[in-house]
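The primary structure of each chain is shown beneath.
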Amino acid sequence: MSPDQTVTALQDSRSAPAPDLFQMANAIRFLSADAVQRANSGHPGMPMGMADAATVLFTRFLKFDPSAPNWADRDRFVLSAGHGSMLLYSLLYLTGYEDMTIDEIRNFRQLGSKTAGHPEYGHAAGIEVTTGPLGQGLAMAVGLALAERLRNNRYGDGLVDHYTYVIAGDGCLMEGISHEAISFAGHMGLGKLIVLFDDNSISIDGGTDLAVSDDQAARFKSSGWDVRTVDGHDHGAVAAAIEAARKTDRPSMIACKTTIGFGAPTKAGTASTHGAPLGDDEIAGAREALGWSAEPFEVPEDILAAWRGFGSRGTADHNAWAGRLAAADPETRANFERRSLGDLPAGWEEALNAHKKAVSEEAPGWATRKASGEALGVLLDRIPLLIGGSADLTGSVNTKTGSSTVISAEDFSGNYIHYGVREFGMAAIMNGLALHGGVVPYGGTFLVFADYMRPALRLSALMEQRVIYVLTHDSIGLGEDGPTHQPVETLASLRAIPNLNVFRPADGVETAECWALALSTPSTPSVLSLTRQGVPTVRTGHTDENLSARGGYVLAEADGERAVTLLATGSEVGLALAAREKLQAGGHPTAVVSMPCAGLFDRQDAGYRAEVLGDGARVAVEAAVSLGWEKYLGPTGRFVGMSGFGASAPAGDLYVHFGITAEAVVAAAKEQL
């Protein structure tokens, strides 16, 4: 597009009633282009193309208050196309968020800045979610919108009544998770979710026609969405489309036809603006074409004042809402505030401890998936924040209890979500639920399907969100379903993710303890790795102390001076206890260490770890691959477990076939004596 064509396109688009909005949009364009140029890295094209639509959204519709960025009833804005992060950073600076200064804009993509290459939740106020992995922002926005409906049902329009807006790009809609999110949102009738699709037909490799020919409008319509198409540079058309979307009871997609790199004299509309700086000459040409004479990182006073005026407008809405909250009855107000902060109600820990004591006394041979369901039965009666669900495996993963009621498009009063066969979507939606506030989400599927949802699970950890993953059928112990469903490598790969607690409890007692720990760590997501098969109760003496909290502990000490230490998790703890009896009978004093969470054990002090691990022979046993166990075994220790994929057969036969037996553990110990 030549400079003359660019100017003509700009003039033709001026159907909006406030022409100064175009210069306000230019402030976004040039803050973005200049920041990318200074960093010599980034994506200028998307912010330049969507600046007009974003200006309309932030000045005409978005309910927000930069002076109170965490106001519970603010609208949520998600930049799913996170590579265009400078669009968001520019908007935060222009509208007056205190911690987004012009120096932060200058330091785009630099160490220690709030302006990371992709938006990072927690780095700066106004960044609602971490985006960059395409499609996940859209899916998390579905969770945000669902949380709004859940809380609205409980507290009414006076306290909870806001929209969730998304800017998504072609890449977001190519990613498979977009299908899961779009389908779920349409099914649930999330009418307060509005997606602005940056329909610029450009990807990094070139035109999107290289790889995709989908009719996106028809795709959204088929999932029950309201769909509109507009010129994304026509402010009036964009405003009319958003106004109409706000009046429908269905989720809305507005396809904004835009020019990537709008205003760039030779690169606009091309892939060369997507993922690289424009260059000084190109930016100078854009300044001339769009009539922007300000120097880099300078915004004319009248333009900045206009932006700040729109930013301060939300204070009145916020104050009115605060008045309604103050006027609510004390119990409702206290309940709302406590839940918004994620604080759990009093009494749940005592109830769970009483349950733990009963399990110790009764010593059932439950599978730990059933033990989890029994613990949930106690917790759901006492923690209304808990919102559960599963990916079409409810009966298998035991995530639904007698206290569970189903959430649907017709009734948001429940506490259980049928996510369908959408593991990735489920995980991302749970992230959105957690980020919104007022909800503690948990969801279940088989452990092997953690690989379907790993990118969202990773974001749970990166964003420090309390999301609980109930993952069952956790080893060859699931039996006949065979190696496609037997997750031999999955535990090791999950344990490698920072800030993720991976729990593999041995019995109903440890399962209750692990649930308590998952709920008590608000900045850390948790995986509960649970068995399909029944296991013995190994903790038959009750203690109020949560022994699992230290990650690993001596379950059974040696009779005499310890010669052997057996380390085990989950279903193999019982096997280790059986091996201990044999070793003790043979004159080899043996201790058994249960290690329900290796990550927590690693965070204990060196003295405690050395005391638990002991001296002498060490054997670790787990029905999984050995990766990660070497740091506990030392140079001479042995591992009993899997070295390849499993097979289809009854569980008992598989343990014998793969040599995961008490006899194998005894032999491995004796090799070191």
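None of the values given here were measured: they were computed from a predicted structure.

A.B. asks: I'm lost on the overall build of the protein chain in this one. Help?
C.D. replies: The helix and strand inventory of the protein chain stands at 27 helices and 18 strands. Here the C-alpha radius of gyration of the protein chain, 28 Å, is about what a compact globule of 673 residues would show, namely 26 Å. With respect to the three principal axes, the spread of C-alpha positions in the protein chain is 90 × 55 × 45 Å. When the 673 residues of the protein chain are sorted by exposure, 61% land in the buried category. For the protein chain, the share of sequence-separated contacts (at least 6 apart) that also reach a separation of at least 24 residues comes to 78%. Of the side-chain charges in the protein chain, 53 are positive and 79 negative, and the distance between the mean point of each set is 3 Å.

A.B. asks: For this particular structure, what's the right way to read the sheet that holds strand S11 (residues 468-472)?
C.D. replies: What links the strands of a sheet is backbone hydrogen bonding, and the strands pair in either a parallel or an antiparallel sense. Ordered by their spatial adjacency, 6 strands build an open sheet running S9-S8-S10-S11-S13-S12, and the pairing between neighbours is parallel. The open sheet has two edge strands with one neighbour each: strand S9 (416-418) and strand S12 (501-503). For this sheet, the mean angle separating the axes of adjacent strands, direction not counted, is 20 degrees. Bridge count between strand S8 (residues 386-390) and strand S10 (residues 440-446): 3 bridges; the pairing is parallel. Across the sheet, residue leucine 386 finds its bridge partner in S10, namely valine 440. Where helix H19 (residues 450-462) meets the sheet, it contacts S10, S11 and strand S13 (526-529), and its direction lies at approximately 160 degrees from that of S11. Docked against the sheet, helix H21 (residues 508-519) engages S8, S10, S11, S12 and S13, running at close to 150 degrees with respect to S11.

A.B. asks: Explain the nonpolar core here, please?
C.D. replies: Most often, soluble globular proteins have nonpolar side chains that are buried together. Counting residues in hydrophobic clusters, the biggest one holds 133 residues, and the most contacted among them are Ile105, Leu146, Leu193 and Leu494. When residues in this core are grouped by element, the largest group, 11 residues, is from helix H2 (residues 20-39). For isoleucine 105, the residues in contact, after removing those within four places along its chain, are Leu31, Ala35, Met86, Tyr89, Ser90, Tyr93, Met100, Thr115 and Phe297. Ranked by size, the runner-up nonpolar core spans 43 residues in total, among them Leu566, Tyr608, Trp629 and Ala669.

A.B. asks: Where do I start with the packing of aromatic side chains in this structure?
C.D. replies: By convention here, two paired aromatic rings are described through the distance between centres and the angle between planes. Enumeration according to the criterion identifies 17 aromatic pairs in this entry. Each ring, one from tryptophan 321 and one from phenylalanine 336, has its centre 6.0 Å from the other, and the planes form 55 degrees; the classification is tilted. Linking tryptophan 321 in helix H13 (residues 314-327) with phenylalanine 336 in helix H14 (residues 330-341), this pair joins segments that are 15 residues apart in sequence. For the pair tryptophan 321 and phenylalanine 336, a shared accessibility class is recorded, and that class is buried. Where tyrosine 442 meets tryptophan 515, the ring centres are 5.8 Å apart and the plane angle is 90 degrees; that geometry is what we call edge-to-face. One end of the pair, tyrosine 442, is in strand S10; the other, tryptophan 515, is in helix H21, with 73 residues separating them in the sequence. The same class applies to tyrosine 442 and to tryptophan 515, which are both buried. Ring pairing ties together the aromatic residues Phe58, Phe64, Phe77 and Tyr97, which thus form one cluster. Positioned above the aromatic ring of phenylalanine 336, the side-chain terminus of arginine 151 is 4.5 Å from the ring centre. Its guanidinium or amino end placed over the ring of tyrosine 608, arginine 550 lies 3.6 Å from that ring's centre, counting from NZ or CZ.

A.B. asks: Help me understand the pattern of salt bridges in this model?
C.D. replies: Pairing is possible between side chains of opposite charge, provided their charged atoms come close. Applying the stated criterion to the full structure yields 24 salt bridges. With a closest N to O distance of 2.4 Å, arginine 29 and aspartate 52 form a salt bridge. On the criterion of sequence distance, the pair formed by arginine 29 in helix H2 and aspartate 52 in helix H3 (residues 45-61) is long-range, its members being 23 residues apart. Connected through salt bridges with shared partners, the residues Asp474, Arg495, Arg504, Glu572 and Glu622 form a single ionic network.

A.B. asks: In this structure, what is going on with unusual backbone geometry? I would like to understand it.
C.D. replies: Despite not being glycine, arginine 109 has its phi angle at roughly 65 degrees, a positive value. Residue position: arginine 109 is located in the loop between helix H5 (102-106) and helix H6 (136-155).

A.B. asks: Looking at this structure, I do not really get empty space enclosed by the protein. What am I missing?
C.D. replies: In this approach, a probe sized like a water molecule rolls over the atoms, and the result shows the empty space that is left. Here the structure, examined in full by the defined rule, presents 4 cavities of 30 Å³ or more. Taken as a whole, the largest cavity encloses approximately 110 Å³ of empty space. Lining the largest cavity we find 15 residues, and of these Phe64, Asp75, Tyr97, Gly126 and Glu128 sit closest to its centre. Tallied by class, the residues present in the lining of the largest cavity amount to 10 nonpolar, 1 polar and 4 charged. Its volume calculated, the second largest cavity comes out at about 70 Å³. Around the second largest cavity, the lining residues are Leu150, Arg151, Arg154, Tyr155, Arg339, Pro384, Leu385, Ile387, Gly438 and Val439. Top element by residues in the lining of the second largest cavity is H6. It accounts for 4 residues. Classifying every residue of the lining of the second largest cavity by side-chain character gives 6 nonpolar, 1 polar and 3 charged.

A.B. asks: For this particular structure, what's the right way to read the layout of surface pockets?
C.D. replies: Space inside the largest pocket adds up to approximately 810 Å³. Lining of the largest pocket is provided by 36 residues; of these, Tyr121, Ser340, Ala434, Leu435 and Gly437 occupy positions nearest its centre. The set of elements that each furnish at least two residues to the lining of the largest pocket consists of H13, H14 and helix H18 (423-436). Counted by class, the lining of the largest pocket contains 18 nonpolar, 10 polar and 8 charged residues. Considering the residues around the second largest pocket, the lining is formed by 19 residues, among which Arg495, Ala496, Ala598, Gly599 and Lys631 are closest to the centre. For the lining of the second largest pocket, the secondary structure elements donating two or more residues are helix H20 (490-495), S12, helix H23 (598-602) and helix H25 (630-633). The element that contributes the greatest number of residues to the lining of the second largest pocket is H23, accounting for 3 residues. Of the residues in the lining of the second largest pocket, the class split is 11 nonpolar, 4 polar and 4 charged.

A.B. asks: Quick question: what am I supposed to make of the sheet that holds strand S7 (residues 252-257) here?
C.D. replies: One open sheet holds the 5 strands; their spatial order is S1-S2-S3-S7-S6, and the pairing between them is parallel. If you trace the sheet from one side to the other, it starts and ends with strand S1 (76-79) and strand S6 (226-231), each paired once. If you compare each strand with its neighbour and ignore which way they point, the axes differ by 20 degrees on average. Across 6 bridges, the pairing between S6 and S7 is parallel. Bridge pairing in S7 places arginine 228 opposite isoleucine 254. The strands that H3 touches are S1, strand S2 (164-169), strand S3 (193-199) and S7; relative to S2, the one it contacts most, it runs at about 170 degrees.

A.B. asks: How should I be thinking about helix H4 (residues 85-95) in this particular structure?
C.D. replies: Residues three or four positions apart in an α-helix share a direction because the helix packs 3.6 residues into each turn. The element H4 is extensively covered by neighbouring structure, given that 11 of its 11 residues are classed as buried. All of the buried residues in H4 are Ser85, Met86, Leu87, Leu88, Tyr89, Ser90, Leu91, Leu92, Tyr93, Leu94 and Thr95. Its buried side turned inward, H4 meets H2, H3, S1, H5, S2 and helix H12 (301-312).

A.B. asks: Just to check I follow, could you spell out helix H22 (residues 572-585) for this structure?
C.D. replies: A rise of 1.5 Å per residue sets the reference length of H22, with its 14 residues, at 20 Å; its end C-alpha atoms lie 20 Å apart and thus fit the reference within 8%. Those residues of H22 that fall on the buried side of the exposure criterion are Glu572, Val573, Leu575, Ala576, Ala579, Arg580, Leu583 and Gln584. On its buried face, H22 sits against strand S14 (553-556), strand S15 (564-568), strand S16 (590-594), strand S17 (617-621), helix H26 (651-657) and helix H27 (662-670). Once H22 ends, the next one or two residues include glycine 587, with phi positive near 85 degrees.

Conventions used here
Residues numbered from 1 in each chain as written. Predicted model: local features only at pLDDT ≥ 70, side-chain atom pairs only at ≥ 80, totals over all residues. Heavy atoms only, no water. Helix = DSSP H or I, 4+ residues; strand = E, 2+ residues; numbered from the N terminus. Rg over C-alpha atoms; globule rule 2.2 N^0.38 Å. Buried < 20%, exposed > 50% of the residue type's maximum accessible area, 1.4 Å probe, protein only. Contact = heavy atoms within 4.5 Å. Lys, Arg positive; Asp, Glu negative; His and termini not counted. Charge placed at Lys NZ, Arg CZ, Asp CG, Glu CD. Pairing = 2+ DSSP bridges. Axes fitted to C-alpha atoms, helices over the stretch in contact; angles between N-to-C directions. Core = buried A, V, L, I, M, F, W, Y, C linked by side-chain atoms within 4.5 Å. Phe/Tyr/Trp six-rings, centres within 6.5 Å; stacked < 30°, edge-to-face > 60°. Lys NZ or Arg CZ within 6 Å of the ring centre and 35° of its normal. Salt bridge = Lys/Arg side-chain N within 4 Å of Asp/Glu carboxyl O. 1 Å grid on protein atoms, 1.4 Å probe; cavity = no way out; pocket = protein on both sides within 12 Å on 5 of 7 lines; lining within 4 Å. Points joined across faces, edges and corners; volume = space filled by probe spheres on them. Nonpolar A, V, L, I, M, F, W, Y, C, P; charged D, E, K, R; others polar. Expected span 1.5 Å × (residues − 1).

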